[in-house]
Amino acid sequence: MTVATRLKANGVGVCATLAVFVAGLLWAKWLPYVAKAAKAQRTRHWSGSSILKVGGVRAGDGPTWHAATTFFHAYLGSIWPALVVALLLSASIQALLPGSWPARVLNRGRPVSSALAGAVAGMPSMMCTCCAAPVAVTLRRNGVGLPAAVAYWLGNPLLNPAVLVFLLFVAPWQWTVTRAVVGLAVVLGVGALVGSVTGGPPATVAAPGDEGGRGPRGFTWALLRLSAILLPEYAVLVLLVGAFRGWLLAAGQSTHPGGDGFLTGLLVVAVAAIVGTLMVIPTAGEIPILSGLALLGASSGTIGALLVTLPAASIPGVAMVARSFGWRATAVTASSVMAAGFLGAAVLTLL
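Keep in mind that what you see is a predicted model, and the values were worked out from it rather than measured.

Asks: Quick one: what's the story with the overall build of the protein, residue by residue and with numbers?
Replies: A tally of helices and strands in the protein yields 15 helices and zero strands. The C-alpha radius of gyration computed for the protein amounts to 20 Å, which stays within 12% of the reference 20 Å derived for 351 residues, consistent with globular compactness. With the C-alpha coordinates aligned to their principal axes, the bounding extent of the protein is approximately 75 × 40 × 40 Å. Buried residues in the protein amount to 52% of all 351 residues. Put simply, of all contacts in the protein between residues at least 6 apart along the chain, 86% involve residues at least 24 apart. Of the accessible surface of the protein, which amounts to about 14900 Å², a share of 71% is contributed by carbon and sulfur atoms.

Asks: Go over helix 7 (residues 161-170), please, and point to the residues and values.
Replies: Summarising burial for helix 7: seven of the 10 residues are buried, a large majority. Looking only at helix 7, the buried set comprises Ala162, Val163, Leu164, Phe166, Leu167, Phe169 and Val170. Where helix 7 starts, the residue carrying a side-chain oxygen 2.9 Å from the main-chain nitrogen of Ala162 turns out to be Asn160.

Asks: Now, about the environment of Ala82: what can you tell me, with residues and values included?
Replies: Within the fold, Ala82 resides in helix 2 (residues 65-95). Here the alpha-carbon distance between Ala82 and Leu240, two residues 158 residues apart in the chain, equals 21 Å. If we skip the residues at most four places from it in the chain, Ala82 touches Ala28, Lys29, Met127 and Cys131.

Asks: Provide a residue-level description of the confidence of the model for the protein, including the pertinent values.
Replies: Mean pLDDT over the protein stands at 89; residues scoring 70 or higher make up 91%. Note that pLDDT drops below 50 for residues 203-210; the model gives that stretch 14 contacts with residues more than four away or on any other chain.

Asks: I'd like to hear about the side chain of Thr283, residue by residue, with values.
Replies: Structurally, Thr283 can be placed in the loop between helix 11 (262-278) and helix 12 (286-295). Polar side-chain contacts of Thr283 include one of 3.0 Å to the side chain of Lys29. The residues touching Thr283, leaving out its near neighbours within four places in the chain, are Lys29, Tyr33, Met126, Met127, Cys128, Asn160 and Val163.

Asks: I'd love a proper account of the packing of helix 8 (residues 173-198) against helix 13 (residues 300-312), names of residues and values included.
Replies: The N-to-C vectors of helix 8 and helix 13 enclose an angle of 50°; their axes lie 10 Å apart at closest approach. In this view, helix 8 runs oblique relative to helix 13, as classed from their interaxial angle. Along this stretch, helix 8 crosses helix 13, giving a crossing that reads as right-handed. Residue-level contacts link Trp175, Thr178, Arg179, Val182 and Val186 of helix 8 to Ile303, Leu307, Val308 and Pro311 of helix 13. Residue composition of the contact of helix 8 with helix 13, grouped by class: seven nonpolar, one polar and one charged.

Asks: I'd like a description of the side chain of Arg179, backed by residues and values.
Replies: On the secondary structure map, Arg179 appears in helix 8. Excluding anything up to four places from it in sequence, Arg179 contacts Pro157, Leu158, Val163, Leu164, Leu167, Leu184, Glu286, Leu307 and Pro311.

Asks: Now, about the packing of helix 2 against helix 5 (residues 129-141): what can you tell me, with residues and values included?
Replies: Interaxial distance between helix 2 and helix 5 falls to 7 Å at its minimum, and their mutual angle equals 15°. Regarding the angle of helix 2 to helix 5, the classification is roughly parallel. Note on packing geometry: the crossing formed by helix 2 with helix 5 is right-handed. Contacts between helix 2 and helix 5 involve Tyr75, Ile79, Ala82, Leu83, Ala86, Leu87, Leu89, Ser90, Ile93 and Gln94 on the former and, on the latter, Cys130, Cys131, Pro134, Val135, Thr138, Leu139 and Arg141. Residues that form the contact of helix 2 with helix 5 fall into these classes: 13 nonpolar, three polar and one charged.

Asks: Report on helix 12, specifying residues and quantitative values.
Replies: Along helix 12, the residues that are buried comprise Glu286, Ile287, Pro288, Ile289, Leu290 and Leu293. Buried positions along helix 12 lie against helix 7, helix 8 and helix 13.

Asks: A description of the pattern of salt bridges should follow, citing residues and the corresponding values.
Replies: Summed over all chains, the structure comprises two salt bridges. Note that Glu286 is salt-bridged to Arg179, the shortest N-O span being 2.8 Å. In this pair, Glu286 sits in helix 12 while Arg179 sits in helix 8, placing the two residues 107 residues apart along the sequence. The exposure class of Glu286 is buried, given its relative accessible area of 1%. Classification of Arg179 by relative accessible area gives buried; the value is 1%.

Asks: A description of the nonpolar core should follow, citing residues and the corresponding values.
Replies: Grouped together as the largest cluster of nonpolar side chains are 100 residues, with contacts concentrated most on Tyr75, Trp153 and Phe325. Broken down by element, the residue count for this core peaks at 12 residues, all from helix 2. Contacts of Trp153, omitting those with residues within four sequence positions, involve Thr129, Ala132, Ala133, Ala136, Ala313, Gly317, Val318, Val321, Phe325 and Thr333. Residues Ala91, Leu96, Phe219 and Ala222 belong to the second largest nonpolar core, which totals five residues.

Asks: Run through a nonpolar patch on the surface, naming residues and quoting values.
Replies: Together, Leu168, Trp173, Val177, Val181 and Leu351 make up a nonpolar patch on the protein surface, roughly 450 Å² of accessible area in all. Here the nonpolar patch gets three residues from one element, more than from any other, and that element is helix 8. Position of Val177 relative to the elements: it lies in helix 8.

The rules behind the values
- Residues numbered from 1 in each chain as written.
- Predicted model: local features only at pLDDT ≥ 70, side-chain atom pairs only at ≥ 80, totals over all residues.
- Heavy atoms only, no water.
- Helix = DSSP H or I, 4+ residues; strand = E, 2+ residues; numbered from the N terminus.
- Rg over C-alpha atoms; globule rule 2.2 N^0.38 Å.
- Buried < 20%, exposed > 50% of the residue type's maximum accessible area, 1.4 Å probe, protein only.
- Contact = heavy atoms within 4.5 Å.
- Areas by Shrake-Rupley, 256 points an atom, 1.4 Å probe, with all protein chains shown as cover.
- Polar contact = N/O pair within 3.5 Å; in protein donor to acceptor, adjacent residues only side chain to side chain.
- pLDDT = per-residue confidence, 0-100.
- Axes fitted to C-alpha atoms, helices over the stretch in contact; angles between N-to-C directions.
- Parallel < 35°, antiparallel > 145°, perpendicular 65-115°, else oblique.
- Left-handed = near helix turned anticlockwise from the far one by under 90°.
- Nonpolar A, V, L, I, M, F, W, Y, C, P; charged D, E, K, R; others polar.
- Salt bridge = Lys/Arg side-chain N within 4 Å of Asp/Glu carboxyl O.
- Core = buried A, V, L, I, M, F, W, Y, C linked by side-chain atoms within 4.5 Å.
- Patch = residues over 30% accessible without salt bridge, like charges linked within 9 Å, V, L, I, M, F, W, Y side chains within 5 Å.

Here's what the structure looks like:
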C-alpha cells in the first residue's frame, strides 16, 4: 500500500468513526437528554420510576424468573440505543482508526494525566457502566493504558454532564456538588491508583484489525466478535441481578434504620456502598432511587454513598471489562468504588 493510499484509507476511517460517534450519540444520548433536561427544568420533577421495583418486586422477595425477566426487559428497553452505539463505536475504533491513534491520544507521561485524558474522552458519550464497557475493552486492545481506560469507563457514568444537569434541576444542590466533586476525585484517583498498582506501560496487544482485517471487513468482524463475547455474559448477569434484586432491596432498606451512633452510621454507609457497587442501573436511574430513599428518611450518608456507587460500577460492567483490564486491576477498581462511597457520604453529610 502506497503512502497516499494509506493516508486516504486513514482519512476515510477517521471520518467514518467520527460519523458513528456524532450521529449515534445524537440519536441515543444528546437529543433525548436535551428534551429530558428541558422537561426537568420546567417541572422540577423527575418523571421516571425506580427500575428496581419494576414487575412489582418488593424488598425481601426471593429470586424468581419473573423478577429476572421484568428487570431485564426494563433495563434493556432503557439502554439498548446506547449499547448499539457503543458496539458500533468500538468496532469503528478497532477497524477504522489508525492503529496507534487511541494510545497516542490517551496515554500520557503520568497516571494522573492519562486518567484525565480518559475522563475527558468519556464525558461526551455519557453512557452507563455497561454500555461504556465495550469501548473501554476496545481501547485496551488498541494499546491504551489502564489509567486512561479505567478513567474512561468510570468517567462515562460518574461525570455524565446530562445527569449533573438533571440533578441540578430536580434534586437538592448538594447532590449535584457531591456528585461532581467526588466523581472527579474518583475517576482521576482510581485511574491513577490502578496504573500505579499494576505498574508500567500497557500490555502489548493486537493492533486494530490484525485478526480480522481493516476497513468494512474488519469492522464487521470486530462488531461480531464484540457482540459474541460481551453480550451473552452481559445478558446472563443482568438477569441474575434482576432475579436477586428483592434481596438487594432488602439490604438497601437497612440503609435507613432507626438508631444512633457512629458505628451504626458507618455500617449503614458500608451496606449502601456495597449494594450500590453491585447493582446495575441505566443512565440517571439513580435519581428516582435516591429520591425515593430521601422520602423514606434515608440519611445524607446513605444518599451520598449511593450517589457515587450506583452509577460507577456494577456486576455486569465489572465482568465485561475484567478480561481486558486484568482481574487485579478490576478488583482494585471495584473495591475503590466501594471505598469512594464513604467519601460521597462524608461530603454530602458535610454539605
